[in-house]
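Listed below, chain by chain, are the residues.
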Amino acid sequence: RLRPDLLKRSEIETTLKNYVEEKILPEYEGYEESHGTKHNQTVIRNSLDLSKDLDVDIDMVYTIAAYHDIGLRYGRDDHEISSGRWLQEDRKLRNWFTEEEIQMMKEAVEDHRASRKEEPRSIYGRIVAEADRDIIPDRIISRCVQYETAHNPEDNEEEVLDKIVCHI
């Protein structure tokens, strides 16, 4: 059962926020710049902004955003699945969430990927998917350049630009 007493709160529960900041967010420090700490903070901020007028649990929104790319440690191809598994297997989250909420957050993390063909299964998946897109043009181009130079360092400028244009 979802906790209706927490819906419409505007502040993240302090002990949850402390846990995420101390144990989860530092995981992003070793990731490539396009999916590192700065990107994760942007997705968290975007998620919280998108959810402010919605009837959702702010702790769940925050947690989903914090975990959305954590599975990149295991490779890019199925990182959304690895991220969801990481969230689901984090026993500490049982201090704040029910098993039903954890399952819903896992699915939202899995559903965030832009290349996913199916629609997100919940409002939480829609929030993080939209937040991850971060549709500010300068940031899109910057992240594309960061990604391409990290993954294809042998490409010349024209090849990088062609790939970016194709992606966009």
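Above this note sits the structure.
The sections below set out a description of the structure shown in this document. Computed from a prediction, not measured in an experiment: that's the story for all the values here.

**Thoughts on the environment of D49**
Among the secondary structure elements, D49 is positioned in helix α2 (residues 37–51). Put simply, D49 and A131 are 82 residues apart on the chain and 8.8 Å apart in space, counted from C-alpha to C-alpha.

**A look at the environment of I64**
Position of I64 among the secondary structure elements: in helix α3 (residues 58–67). A relative accessible area of 2% means that I64 is categorised as buried. Once residues within four sequence positions are removed from consideration, I64 is found in contact with M105, A108, V109, Y124 and V128.

**A look at the pattern of salt bridges**
Applying the stated criterion across every chain, the model contains seven salt bridges. Between R73 and E27 there is a salt bridge, and its shortest N-O distance comes to 2.4 Å. One end of the pair, R73, is in the loop between α3 and α4 (79–89); the other, E27, is in the loop between α1 (14–24) and α2, with 46 residues separating them in the sequence. Taking the relative accessible area as the measure of exposure, R73 reaches 47% and is therefore partly exposed. In this structure, the salt-bridge partner of R121 is E107, at a minimum N-O distance of 4.0 Å. Taken together, the positions of R121 in the loop between α5 (99–110) and α6 (123–133) and E107 in helix α5 put the pair 14 residues apart, joining distant regions of the chain.

**A short note on the nonpolar core**
V20, Y67, L93, F97 and Y124 are the most contacted members of the largest nonpolar core, which totals 35 residues. Elements that contribute at least two residues to this core include exactly α1, α2, α3, α4, α5 and α6. No other element matches α3, which puts eight residues into this core. When near neighbours in sequence (up to four residues on either side) are disregarded, Y67 contacts Y19, I24, Y28, S83, W86, L87, D90, L93 and V109.

The rules we used
Residues numbered from 1 in each chain as written. Predicted model: local features only at pLDDT ≥ 70, side-chain atom pairs only at ≥ 80, totals over all residues. Heavy atoms only, no water. Helix = DSSP H or I, 4+ residues; strand = E, 2+ residues; numbered from the N terminus. Buried < 20%, exposed > 50% of the residue type's maximum accessible area, 1.4 Å probe, protein only. Contact = heavy atoms within 4.5 Å. Salt bridge = Lys/Arg side-chain N within 4 Å of Asp/Glu carboxyl O. Core = buried A, V, L, I, M, F, W, Y, C linked by side-chain atoms within 4.5 Å.

The analysis is restricted to geometry; functional conclusions fall outside its scope.
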